[in-house]
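Topology and contacts: notes
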Amino acid sequence: MSISQHGRRHFVKHSALVVGSIGLTGHTAGAAPASTEELSMGYEQYIGLPVSEAPTPALLVDLDIFEKNLSQMADVCRQRKCAYRPHGKAHKSSLVGKKQLAAGAGGICAGKLGEAEVFVAGGILDVLITTEVVGRRKIERLLQIAKLAPNLKVVADSEANVADLAASARAAGLRLAVLVDVNVGQNRTGVDTADTAAKVAQAIASSRSLRFAGVQAYGGTNMHVVGYENRRAASMWALERATKARAAIEKAGLTVEMMSVGGTGTYNIDSGYPGVTEIQPGSYIFMDSHYRSIGGESSDVYDDFGTALSVLTTVISRPSKGRAITDGGHKALSTDSGLPMLKDTRGVVFQLGGDEHGVLLIKDPTRDFAIGDKVEFIPSHCDTTVNLHNVFWAVRKGLIEGVWPIEARGRTD
Ligand SMILES: Cc1ncc(COP(=O)(O)O)c(C=O)c1O
């Protein structure tokens, strides 16, 4: 699907049309991905140019840091003999997912059915959908992709949903793998008690059109607990809860093949825990300013992974001595985890100036900006910032090496 995925040229031809070619069109709610034509005609000209030539606001990936992040996760999981299934909600790109698989990941997670459709269409066949899929039409879509990807897995946390999955899978002549989703403190989805986990697992196992595949126990809030020891204590509590659910399921006579837990913040805690078969880290490939602030095992900054993601903007107006205006606002930089961080904070304070604009308040007169200058930001939250962009600009040592489509951007369906 790529024009070239080797050497210096990583310009990728991959799109909605490719998705359509294997019959997954008709489910394109949300923003449309960049089309093949746009990618092949528009972006190729940038390959090899300095990053300052990218049309801003541009979402940049620093390839040296990104590749180090890929290796760090692979190395730690290998040492601990734990599989990992990166969460594709962080990048929404089948190309990035394939790089994670090449680095050693055992499969990919998808946050929603729409992301799973994109990943499967992009050739990733071992996908776990980490959110319940509910309703006849969505379950039909799920089974459509299960036909193409027999290793597809989904989570469920109610007998009602299991009954619907079973009926549709039976009608489609398929056997669908289902994990029980267990609430380990985030109080989002997931069964609350070990007994309910066993009941839902039994409901899955007793249906011939479903296969009981194990437990998902993701403690999202634990990822962001500040301080390694605090985070470790929170995660231990969650893992004990997951283990109780597992024990209740095993007592009911079922085998728990998979126990899929954790993310970036607890990767080096959860991966060594008895019974955990895989972890689900997402943000590690990019990192963001919020994640860095939670602190690491031996430092105030969580720097096990480097900040590979940034947003490049351009100064487009210089209305007064104390003010410079950039071309990146809410539509380029998410703020659900606070304001993005300037890479070079010297003498400036940043404010968002609306959907399309950023405002730099210049406090130090020696720091000056001319129209056309570039200003770079570290996103406060990588997932929601990625979801605002059509492509990643893959950059190495200041030069554009590739343009990678974010085909699942907007696919919250
Ligand atoms: C179910 C699930 N698993 C894994 C992750 C990955 O988390 P992180 O980005 O903290 O690694 C997320 C992120 O929100 C998630 O919702």
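So, here's what we can say about the structure. (Residues numbered from 1 in each chain as written. Predicted model: local features only at pLDDT ≥ 70, side-chain atom pairs only at ≥ 80, totals over all residues. Heavy atoms only, no water.)

1. Notes on the pattern of salt bridges
- Applying the stated criterion across every chain yields a total of 22 salt bridges.
- The closest approach of N and O atoms between Glu117 and Arg411, which form a salt bridge, is 2.6 Å. Of this pair, Glu117 sits in helix H5 (residues 113-121) while Arg411 sits in the segment after strand E18 (399-405), and the two are 294 residues apart along the sequence.
- As a salt-bridge pair, Arg211 and Glu257 come within 3.0 Å of each other at their nearest N and O atoms. Taken as a pair, Arg211 in strand E8 (residues 210-217) and Glu257 in the loop between helix H9 (228-251) and strand E9 (258-261) lie far apart in primary sequence, 46 residues in all.
- Arg211 gets classed as partly exposed once you look at its relative accessible area, which sits at 27%.
- For Glu257, a relative accessible area of 44% gives the class partly exposed.
- Each of Asp64, Glu67, Arg396, Lys397 and Glu401 takes part in salt bridges that share partners, so that together they form one network. (Salt bridge = Lys/Arg side-chain N within 4 Å of Asp/Glu carboxyl O. Helix = DSSP H or I, 4+ residues; strand = E, 2+ residues; numbered from the N terminus. Buried < 20%, exposed > 50% of the residue type's maximum accessible area, 1.4 Å probe, protein only.)

2. A closer look at the site of the ligand
- Near the ligand there are 13 residues, and of these Thr264, Gln280, Gly282, Ser283 and Tyr291 occur at the shortest range.
- The contact in question runs from an oxygen atom of the ligand to an N or O atom on the side chain of Lys89, over 3.0 Å.
- Taking Ser283, its side chain carries an N or O atom lying 2.5 Å from an oxygen atom of the ligand.
- Relative to its unbound accessible surface of 390 Å², the ligand loses 91% to contact with the protein.
- Considered class by class, the residues forming the shell around the ligand number 4 nonpolar, 7 polar and 2 charged. (Near = heavy atom within 4 Å. Polar contact = N/O pair within 3.5 Å; in protein donor to acceptor, adjacent residues only side chain to side chain. Areas by Shrake-Rupley, 256 points an atom, 1.4 Å probe, with all protein chains shown as cover. Nonpolar A, V, L, I, M, F, W, Y, C, P; charged D, E, K, R; others polar.)

3. Examining the side chain of Asp270
- Relative to the assigned elements, Asp270 resides in helix H10 (residues 267-270).
- Among buried Asp, Glu, Lys and Arg side chains, Asp270 stands out as unpaired, with Arg232 the closest opposite charge at 8.0 Å.
- Engagement of the side chain of Asp270 in a polar contact is seen with the side chain of Ser235, the distance being 2.6 Å.
- Apart from residues no more than four positions distant in its own chain, Asp270 is found in contact with Ser235, Leu239, Val261, Gly262, Gly263, Val276 and Ile279. (Lys, Arg positive; Asp, Glu negative; His and termini not counted. Contact = heavy atoms within 4.5 Å.)

4. Description of the nonpolar core
- Membership of the largest hydrophobic core comes to 100 residues, with the highest contact counts inside it found for Phe66, Leu176 and Phe392.
- Per element, the largest residue contribution to this core is 7 residues, and it comes from helix H3 (residues 63-79).
- When we break this core down by domain, the ones giving at least three residues each are domain 1 (10-61 + 304-405) and domain 2 (63-292).
- Not counting residues up to four positions away in its chain, the partners in contact with Phe66 are Val61, Val96, Lys99, Ile285, Phe286, Ala308 and Trp404. (Core = buried A, V, L, I, M, F, W, Y, C linked by side-chain atoms within 4.5 Å. Domains from an automatic or database assignment.)

5. Quick look at the sheet that holds strand E4 (residues 108-110)
- Strand order in this open sheet of 8 strands is E3-E10-E9-E8-E7-E6-E5-E4, and the pairing throughout is parallel. Taken across any chain shown, the strands that pair with only one partner, and hence form the sheet edges, are strand E3 (83-84) and E4.
- Where E8 lies against E9, 4 bridges are found, and the strand directions are parallel. Bridge pairing in E9 links Ala217 to Val261. (Pairing = 2+ DSSP bridges.)

6. Examining the side chain of Thr130
- Tracing the backbone shows Thr130 in the loop between strand E5 (127-129) and helix H6 (136-148).
- Look at Thr130 and you get buried, because its relative accessible area is 12%.
- Excluding residues that lie within four positions of it along the chain, Thr130 makes contacts with His87, Cys109, Ala110, Gly111, Val155, Gln216 and Gln280.

7. Here we look at the pairing of strand E14 (residues 348-352)
- Across the two faces of E14 the burial differs, with Val348, Phe350 and Leu352 buried and Val349 and Gln351 not buried at all.
- Sheet analysis places E14 next to strand E15 (residues 358-362), joined by 5 bridges and oriented antiparallel. Across the sheet, the residue bridging to Val348 is Ile362, located in E15.
- Count of turn residues in the E14/E15 antiparallel hairpin: 5 residues, of which Gly354 carries a positive phi of about 110°.

8. Some points on the pairing of E9
- Side chains Met258 and Ser260 of E9 all project onto a buried face; the interleaved residues Met259 and Val261 project onto the opposite face, where all are buried too.
- Running through H9, the crossover from E8 to the neighbouring parallel element E9 is right-handed.
- The sheet contact formed by E9 and strand E10 (residues 278-279) spans 2 bridges and is parallel. By the bridge assignment, Ser260 is partnered in E10 with Glu278. (Right-handed = clockwise from strand over helix to strand, strands pointing away.)

All we've got here are geometric facts, nothing functional implied.
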